[in-house]
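# Architecture and fold: a report
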Amino acid sequence: MTLAIAIHGGAGTLTRSDMTPEKEAAYRAALGAALDAGHGVLLRGGSALDAVTAAVTSMEDDILFNAGRGSAFALDGTITMDASVMEGHTREAGSVTGVTAARNPVLLARCVMEKTPLVMLGFKGADQLALDRGLECRPPEYFFTQRRWDAMQEEKARVEAGIPDAGVGEDRKHGTVGAVALDARGHLAAATSTGGRTAKWAGRIGDSPVIGAGTWADGTCAVSCTGDGECFIRIAAAHDVAARMAYLGETAEQASGQVIHGALAGLGSTGGMIVVDGAGNVAMPFHCEGMYRGMVDGRGRRQIAIYEQD
Ligand code: ASP
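Residues numbered from 1 in each chain as written. Predicted model: local features only at pLDDT ≥ 70, side-chain atom pairs only at ≥ 80, totals over all residues. Heavy atoms only, no water.

### Observations regarding the sheet that holds strand β2 (residues 81-87)
Spatially, β4-β3-β2-β6-β5-β1-β12-β13 is the arrangement adopted by the 8 strands of the open sheet, whose pairing is mixed. Pairing within the sheet leaves two strands with one partner each, and these edge strands are β4 (120-122) and β13 (302-307). Taking the axes of each pair of neighbouring strands and ignoring which way they run, one obtains an average angle of 5° across the sheet. Sheet topology note: the strand β3 (residues 92-99)/β4 ladder contains 3 bridges and is parallel. Note on β4: the bridge partner recorded for V96 is L121. This element, helix α1 (residues 21-43), spans β1 (4-8), β5 (177-182), β12 (290-296) and β13 of the sheet and lies at about 145° to β13. Sitting on the sheet, helix α2 (residues 48-60) is in contact with β1, β2, β5 and β6 (188-194), with an inclination near 160° to β5. (Pairing = 2+ DSSP bridges. Helix = DSSP H or I, 4+ residues; strand = E, 2+ residues; numbered from the N terminus. Axes fitted to C-alpha atoms, helices over the stretch in contact; angles between N-to-C directions. Contact = heavy atoms within 4.5 Å.)

Spelled out as C-alpha cells, the structure:
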C-alpha cells in the first residue's frame, strides 16, 4: 500500500533577510499541521480527495497563508478568493472564483464538483451556492489581516508611482495553498486555494481556479501550482506536467522541472508546483527564492521546507 501527500503554502515566501527564527518556526508548524491533517486521512484509509481538502482547509484557516482567512486584498480593498479541486480516477473537477464569504473556498469548489452539474462557478452565484448548501460563511472582518492590508496599500502606492516590481519581495505579490495526494486505492487528487495576487484588479481571475492551469489530476499524476497566475494559464502548467509524463514518459521530477524551469522561467515568470504520481513519487520544483512546502512520499520520507537548501 503506497500513500503519498505533498502540500504547498505558496511560492511567495518571505525573503531570507525578512525571515526570523520565530516566523520560520511558525510557518514550519503550520505546514506540519496541514501535512499531518492530510496524511492522517490517508493513514486512516481515507480518499485522496478527503486528504487534499483536509490539508488545504487547515492552511485556509491559518492567517499565515494567502488563502481563506489570510487572503490578500484586491486594489479596491475587497477580498475575493479562488479555489479548485480535481479527482484523477473520475476526472471530476470543481472550482470557484471571486468568492467572498466561504470560510473554506476549497469546500465550496468541492461542492460545485459533487453537488452541481458544473465545473466552474463564480462571484455571486458561487457565494449563493455556499449559502444554499449551508457551508460555513464569514463576514469581511474575519478575512481582515493588517499585514495583508498594508501589503496592498504598499503595492498600490508602488504601482501608482510607476516603480518597477523587480525589488518587491515575492510574499508581497502572491501566495496560494495547495495539496496533492495518492491514497491506498491508488487514486490521485489535487486541490488549490488562494486570495490571489496582492492588489489585483477587481474581477481578476488567476490560475488557481482554472483546471489544467493551477490544478490537475488524472490517472498519471496530481498537480497544484503557485506563482504568477497569468503565466501558469498561458502554459497550461498543471496539465502540461501530466501530458509530458504520459506522452514523453518523463518522471514527475523531469516533467515538472521542464514546466517550471523551462516554460515558466522562459516567460520570465516565477512560481512553483507540487506533483505526486501513481507510485508515490513527489516533485516540488520552484523558480523563485523559496516555496513553503511539505511532503510524505511513497517511501515514507517526510520533509518540511521553505528555501532551496532546506
Ligand atoms: N497563482 C496565484 C494567482 O495567480 C497566486 C500565487 O500562487 O502566488 O492568483
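### Description of helix α5 (residues 146-160)
For α5, built from 15 residues, the straight-helix expectation of 21 Å at 1.5 Å per residue is met to within 8% by its first-to-last C-alpha distance of 21 Å. Within the sequence span of α5, burial applies to R148, A151, M152, E155 and R158. Seen along its axis, α5 keeps its buried residues to an arc of 130°; they face one direction. In the segment just after α5, G162 is the residue with positive phi, at about 70°. (Expected span 1.5 Å × (residues − 1). Buried < 20%, exposed > 50% of the residue type's maximum accessible area, 1.4 Å probe, protein only. Arc of directions from axis to C-beta.)

### A few points about unusual backbone geometry
Despite not being glycine, R91 shows a phi value in the positive range, around 60°. By the secondary structure assignment, R91 is in the loop between β2 and β3. A positive phi angle is found at A236, which is not glycine, with a value near 40°. Mapped onto the secondary structure, A236 falls in the loop between α7 (229-234) and α8 (237-248).

### Things to note about the pairing of β12
For β12, the tally of buried residues reaches 7 of 7 residues, placing the bulk of the element in the interior. Burial of the side chains of β12 extends over both faces: G290, Y292, G294 and V296 are buried on one face and M291, R293 and M295 on the other. By the bridge criterion, 4 bridges tie β1 to β12 in an arrangement that is antiparallel. If you follow H8 over to β12, its bridge partner there is R293. For β12 and β13, the ladder comprises 5 bridges, and the chain directions are antiparallel.

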